[in-house]
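Reading the structure
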Amino acid sequence: MAGDAAARLRDLPSVDQVLKTPEALTALAAFGHAQTAAAVRGALAVAREAVRAGAPAPDAEGVAATAAATLAAGARSTQRPVFNLTGTVLHTNLGRALLAEAAVEAAVEAMRSPVSLEFDLATGQRGERDDHLRGLLRELTGAEDATVVNNNAAAVLLVLNTLGQGRQSIISRGELIEIGGAFRMPDIMARAGTALREIGTTNRTHPKDYAAALGPESGLILKVHTSNYRIAGFTAEVTARELAPLARKHGVPLVHDLGSGTLADLASIGLAHEPTVREAVAEGADLVTFSGDKLLGGPQAGFIVGRAELVAAINRNPMKRALRVDKIRLAALEATLRLYRDPARLAERLPTLRQLARKAEEIEAQARRILPAVETALGGLAAVEVRACASQIGSGALPLETLPSAALAFVPSGDSGRALSALAAALRELPVPVIGRIADGALLLDLRCLEDEAGFLASLAALDTGDHGLA
Ligand SMILES: *Cc1c(COP(=O)(O)O)cnc(C)c1O
């Protein structure tokens, strides 16, 4: 036995022999010598183990094929484009807002070329990175001044640290939010070096609660838009408009974290009214913070807009430097914000608003149109039908609001939950993975966010309908 294995080990090809096979030559051209040789050595090591365990020795072509497969798998990006058919338009795990074409072009240009990031072209002197957005943000929000950082979590952290370090930050117990990804207001306050001064109760907070807490230790009042939940029933909340005069009387800044924040009136695209940044500024908040990649429809960013001397104090905080955004995102943000100057065409140009604005009838018509092609691609693996469903905005915007939509419902022939999860897994393995959601005994593909129909059908055509693990 041992002698047999030794003889078969001698049959294994050498690294050089494998590298001369046609498949290895193709791999060499694509991946270079270092990676290809390493993959071949890896494939030979695996083959050696298999031979010792009794398998026949593969030939040079066989080893080259294994190495080429390893190289191809390793070359695929791990962050890949997918079809978001979950029904959640701003899906945090799928990257939130899709950028407008103008923003994509601006970002690409900034990547390829030196840019006047911190360079004043008029004077030839050093410029400021915030200057590219300052004017637009003032114009679109009515605020005196503005700055931008990595995301809204960073904006809140920076504001709390700048105004509240060593002092108290007053907040209602009804607004001590957690928004996922370990962003919990009490923890952020601790890291910002400000003392949490919680007031009122979970369901009811009154003006007198704020008044009683205000004193020499107060650094700021924080009002948080409870973006991902609603407290209903026996409730009382003090609005920012009511808080503003109280804050002014005590000389304590009022900060309003809007979360998603929107620059457009969503009622214009048939959604419920979500407070706009302009309204929050007009209500008297001294600073307003909001996200770039939620309803605004841009890249990840956090905006801080409001009174000029407070923004100046924020810009003097050394933490600002650690949270700043790069030229690529600044370019995309500037292009995105510019689109808001033409509200009438916004829903056409901003993918997020375009998808949120789609009517159920239009989505249902799309579902009926592609149904036959989808049935063909599935090859009997599952029955397909058009079902009414409800989409969500996502990212904590208008959490209770759903949008009537239509889905393709895949009902696998095997009726178990296992068949459903196997089908969902098969769709995730497609060349462009398709992500749906499982509900009511079916895999639902909500078509609200399906714009590239041809690409979707091409990807679906690659489904391995012979895989019986699915049935
Ligand atoms: C989403 C959200 C944040 C955090 O914003 P990111 O841009 O995700 O960092 C902060 N506050 C509220 C109320 C939010 O909804």
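Residues numbered from 1 in each chain as written. Predicted model: local features only at pLDDT ≥ 70, side-chain atom pairs only at ≥ 80, totals over all residues. Heavy atoms only, no water.

Right, let's talk about the layout of surface pockets for a bit. One number sums up the size of the largest pocket: a volume of about 670 Å³. Within the residue set of the lining of the largest pocket, elements represented by two or more residues are β1 (83-84) and α17 (351-357). Taken together, the residues that form the lining of the largest pocket break down as 11 nonpolar, 7 polar and 4 charged. (1 Å grid on protein atoms, 1.4 Å probe; cavity = no way out; pocket = protein on both sides within 12 Å on 5 of 7 lines; lining within 4 Å. Points joined across faces, edges and corners; volume = space filled by probe spheres on them. Helix = DSSP H or I, 4+ residues; strand = E, 2+ residues; numbered from the N terminus. Nonpolar A, V, L, I, M, F, W, Y, C, P; charged D, E, K, R; others polar.)

What follows deals with helix α19 (residues 417-428). Here α19 is 12 residues long and its end C-alpha atoms lie 17 Å apart, about the 16 Å a rise of 1.5 Å per residue gives. Residues A419, L420, A422, L423, A424, A426 and L427 constitute the buried set of α19. (Expected span 1.5 Å × (residues − 1). Buried < 20%, exposed > 50% of the residue type's maximum accessible area, 1.4 Å probe, protein only.)

Of note in this structure, R96 is not a glycine but carries a positive phi near 55°. Here D440, not a glycine, exhibits a phi torsion of approximately 50°, which is positive. Topologically, D440 is positioned in the loop between β12 (437-439) and β13 (442-446).

Right, let's get into helix α4 (residues 33-52). Taking 1.5 Å per residue, 20 residues should reach 28 Å; α4 reaches 28 Å between its end C-alpha atoms and fits that length. Here α4 has its buried residues at T36, A37, A39, V40, A43, L44, A47 and V51. Mapping the buried residues of α4 onto a view down its axis gives an arc of 160°, with all of them on the same face. In this structure, α4 carries A34, V46, E49 and R52 as exposed residues pointing more than 90 degrees from its buried face. One or two residues past the end of α4 sits G54, with phi positive at roughly 115°. (Arc of directions from axis to C-beta.)

On to the site of the ligand, then. Within the structure, the ligand sits among R96, N151, N152, A153, I177, I179, H225, S227, D257, G259, S291 and K294. A distance of 2.8 Å separates an oxygen atom of the ligand from a polar backbone atom of A153. K294 places a side-chain nitrogen or oxygen 2.9 Å from an oxygen atom of the ligand. In isolation the ligand has 380 Å² of accessible area, and contact with the protein removes 94% of it. Elements with a contribution of two residues or more to the shell around the ligand: α8 (152-164) and β6 (254-259). Broken down by class, the residue content of the shell around the ligand amounts to 3 nonpolar, 6 polar and 3 charged. (Near = heavy atom within 4 Å. Polar contact = N/O pair within 3.5 Å; in protein donor to acceptor, adjacent residues only side chain to side chain. Areas by Shrake-Rupley, 256 points an atom, 1.4 Å probe, with all protein chains shown as cover.)

Turning next to the environment of A110. In this structure, A110 sits in helix α6 (residues 101-112). Taking the C-alpha atoms as reference points, A110 and L330, separated by 220 residues in sequence, lie 8.9 Å from one another.

This part is about the packing of α6 against helix α15 (residues 327-339). Two numbers describe a pair of packed helices, the interaxial angle and the distance between the axes. Contact geometry of α6 with α15 gives a least axis separation of 8 Å together with a crossing angle of 150°. In terms of their interaxial angle, α6 and α15 are classed as roughly antiparallel. Where α6 crosses over α15, the handedness of that crossing is right-handed. Touching A102, A103, A106, A107, A110 and M111 of α6 are K327, I328, A331, A332, A335 and T336, all from α15. (Axes fitted to C-alpha atoms, helices over the stretch in contact; angles between N-to-C directions. Parallel < 35°, antiparallel > 145°, perpendicular 65-115°, else oblique. Left-handed = near helix turned anticlockwise from the far one by under 90°. Contact = heavy atoms within 4.5 Å.)

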